[in-house]
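# Fold and contact review
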Amino acid sequence: ARYDIEAFKKRIDGVKIEENPALVRQKSRDFFWYSPTLKRQLDAVTADIVVSPASEQQVLQVLAAAHDHAIPVTPRGTGTGNYGQAMPLSGGILLDLSQFNAVREIGHGRVVAEPGTVIAALDKETRSHSRQEIRLHPSTYHTASIGGFIAGGSGGVGSIRWGGLRDTGNIIRLKVATMEASPRILEFTGDDIHKVSHAYGTNGIITEVEMPLTPAHDWVDVIVGFDDLRAATQFANDLGEQDGLLIKELGLVAAPIAHDHFKRHRKFIAREQHVVLIMVADFQTAPLMGFIKRYRGAQVLFRNDQLPAEDLKGLPPVFELSWNHTTLRALRDDPSITYLQVLYPFPNQIELVQRIHERFGEEVPAHLEFVKFDGKVTCFGLPLVRFSSEERLEEIMAIHEEMGAPIFNPHRYTLEEGGMKQTDETQLAFKREADPQGLLNPGKMVAWEDPDYDFKSGKNFLFKGLAAQG
Ligand code: FAD
């Protein structure tokens, strides 16, 4: 064995472990298979052991023992990430945080929780406690952990009103455990939060989160159809700019994706219809309907507040048709489909969406998610791609960038290559302090593994630990 797991186990008496290779392999995976590239690269990745601490004290016990035996530790919430973020490229310990999952305190406008709390469970408690809800959540609301969302996610349902997780104020406070001989617990507020938010657990283990809450509402799902993509995009953008209208989700899916892949909603949607997906607060449906009437060609296809209960049976909520659930539904039906992550920058987003649509046609069906980005409404895209080869995929991404639409590459497992192709100096500096031996989630931060790596070389970073796994 590469690591002295037996000696490590003796040090963590009382902490739940799993060593059955099939179960360890299962917990070593996430939704990396969305990408044909990552599927090829990461399929063989597995940890040596899964360790499931249920308290901060147990997390510290595991980290100290792992540190002494120089065993890598890869944290995992519930493993719904899409880029192999929670996959242990060097093997070692998979630190499963899903059992460390209590809601600790609910106040006016805030909640304190342990990192493994599933977002839907958190929301349920804040709703029943004082009719408050979390501002934003990924479309994996029912399965994702709050710690995994902060360490690996970016935004989602609610981002049309609140922006993304990185936006000031959307995380109040984090507690973080370091990877040292005597692990410390640090507390971060303000801009210090960005040392560890969206760092894939490469430089600390989040042991407590404090998140802002907002008054809870009953949300109504509405789907509006259009025959013309440009008209649909203009409508959605205008709707996003209605400051008085309380909406929580605003997405757009180009034809024929909704009809072809939203099986349970298919009867409401014609194949040639582009659809706008909306979640609106229940007391705001009349103003929304008034707004829709202003748009020629806009057709309300679906409202879940006006259907008898038996017609709603088995229908997923609209947010499970959006964000990466759109992708999931399409690639479950057709495994040759994959996707991209694109920003259409303000103020040219509508024009850019149209030009890119005209350029690629059926090969890259549009899927837009409208968000507030630095106070401006614009759209982020998760377009589908009818995959032919990795070379063509790279070419499609290069063309997007040439046309002025930056890509956040979902076919890479490193922080930098998936993001802005540069090192986050704050995260790197904190890693030097909190994980001097480089044991946390190895291989995910290029700047740590190869400080001289040239992102302009056009090559993909390949972590050496991956070869050892094969
Ligand atoms: P995991 O996948 O377990 O972990 C994510 C990352 O965080 C990993 O790098 C892991 O090492 C690290 N990590 C986990 N817990 C900790 C901790 N306590 N301390 C330090 N590091 C930690 N994402 C969005 O942002 N928005 C969306 O709308 C969205 N929609 C999705 C839809 C589908 C169908 C799928 C499959 C994925 C989607 N995602 C989305 C991605 C993912 O579901 C979310 O980001 C989710 O919040 C991740 O939570 P998790 O518990 O599964 O994290």
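As recorded in an unreviewed UniProt entry, the protein goes by the name FAD/FMN-containing dehydrogenase, listed as coming from Saliniramus fredricksonii.

It is worth spelling out the overall build of the protein at this point. Across its full length, the protein carries 18 helices and 19 strands. Its C-alpha atoms give the protein a radius of gyration of 22 Å, near enough to 23 Å, the size a compact globule of 470 residues would have. Once the C-alpha set of the protein is aligned to its principal axes, its extents read approximately 70 × 50 × 40 Å. Taken across its 470 residues, the protein has 49% of its residues classed as buried. Residue pairs in contact within the protein that sit at least 24 positions apart in sequence constitute 71% of those at least 6 positions apart.

What follows concerns the domain arrangement of the protein. Frequently, the measure chosen for interface size is the accessible area that the parts lose on association. Domain annotation of the protein identifies domain 1 (5-97 + 426-469), domain 2 (103-216) and domain 3 (219-402). Of note, the centres of domain 1 and domain 3, computed from C-alpha atoms alone, are 35 Å apart. The partner domain 3 presents 7 residues to the 5 residues of domain 1 that form the contact. In terms of residue class, the side of domain 1 that touches domain 3 is built from 2 nonpolar, 3 polar and no charged.

Moving on to the site of the ligand. Taken together, 38 residues form the shell around the ligand, and within it Gly77, Gly148, Gly152, Gly153 and Gly201 come nearest. Listing elements by their share of the shell around the ligand, those giving two or more residues are strand S3 (73-76), helix H6 (146-152), strand S10 (205-215) and helix H12 (324-333). For the shell around the ligand, the element with the highest residue contribution is H6, accounting for 5 residues. For the shell around the ligand, the class distribution of residues is 14 nonpolar, 22 polar and 2 charged.

A few words now on the environment of Leu439. Structurally, Leu439 can be placed in the loop between helix H16 (425-434) and helix H17 (446-449). Sequence separation between Leu439 and Phe319 is 120 residues; the distance between their C-alpha atoms is 37 Å. Residue contacts for Leu439: discarding those within four places in its chain leaves Ala66, His67, Ala70, Pro72, Val73 and Met179.

Let's shift gears to the UniProt feature "domain: FAD-binding PCMH-type" (unreviewed entry) in the protein. As recorded in UniProt, the feature "domain: FAD-binding PCMH-type" (unreviewed entry) lies at residues 42-216. Strand forms 26% of residues 42-216 and helix 21%; the C-alpha atoms that close the span are 40 Å apart.

As a rule of thumb, nonpolar side chains are buried together in soluble globular proteins. Grouped together as the largest cluster of nonpolar side chains are 124 residues, with contacts concentrated most on Ala66, Val73, Ile93, Ala236, Val276 and Ile278. If we skip the residues at most four places from it in the chain, Val73 touches Leu63, Ala66, Gly92, Ile93, Leu95, Met179, Leu439 and Leu440.

The next subject is H16. For H16, every residue scored as buried is listed here: Gln427, Phe430, Lys431 and Ala434. Angular distribution of buried residues about the axis of H16 spans 110°; they occupy a single face of the element. Those residues of H16 that are exposed and angled more than 90 degrees off the buried face are Glu425, Ala429 and Arg432.

Across the 8 residues of strand S11 (residues 219-226), 8 count as buried, placing the element largely inside the fold. Pairing of S11 with strand S13 (residues 274-281) involves 8 bridges; the strand directions are antiparallel. Bridge pairing in S13 places Val222 opposite Ile278. When S11 meets strand S14 (residues 299-303), the two strands line up antiparallel, connected through 4 bridges. Along S14, the bridge assignment pairs Ile223 with Phe302.

Let's shift gears to the packing of helix H8 (residues 229-240) against helix H13 (residues 349-360). At their nearest, the axes of H8 and H13 sit 10 Å apart, and the two run at 155° to each other. Looking at the two axes, H8 sits roughly antiparallel to H13. Here H8 runs over H13; the crossing is right-handed. Counting all contacts with H8, which are made through Leu229, Arg230, Thr233, Gln234 and Asn237, the residues of H13 involved are Gln349, Ile350, Val353, Gln354 and His357. Class assignment for the residues of the contact of H8 with H13 results in 3 nonpolar, 6 polar and 1 charged.

Rules used throughout
Residues numbered from 1 in each chain as written. Predicted model: local features only at pLDDT ≥ 70, side-chain atom pairs only at ≥ 80, totals over all residues. Helix = DSSP H or I, 4+ residues; strand = E, 2+ residues; numbered from the N terminus. Rg over C-alpha atoms; globule rule 2.2 N^0.38 Å. Buried ≥ 20, exposed ≤ 12 C-beta atoms within 10 Å, placed from the backbone. Contact = placed C-beta atoms within 7 Å. Domains from an automatic or database assignment. Nonpolar A, V, L, I, M, F, W, Y, C, P; charged D, E, K, R; others polar. Near = placed C-beta within 6 Å. UniProt positions renumbered as here; feature names shortened; annotations may be inferred. Core = buried A, V, L, I, M, F, W, Y, C linked by C-beta atoms within 7 Å. Arc of directions from axis to C-beta. Pairing = 2+ DSSP bridges. Axes fitted to C-alpha atoms, helices over the stretch in contact; angles between N-to-C directions. Parallel < 35°, antiparallel > 145°, perpendicular 65-115°, else oblique. Left-handed = near helix turned anticlockwise from the far one by under 90°.

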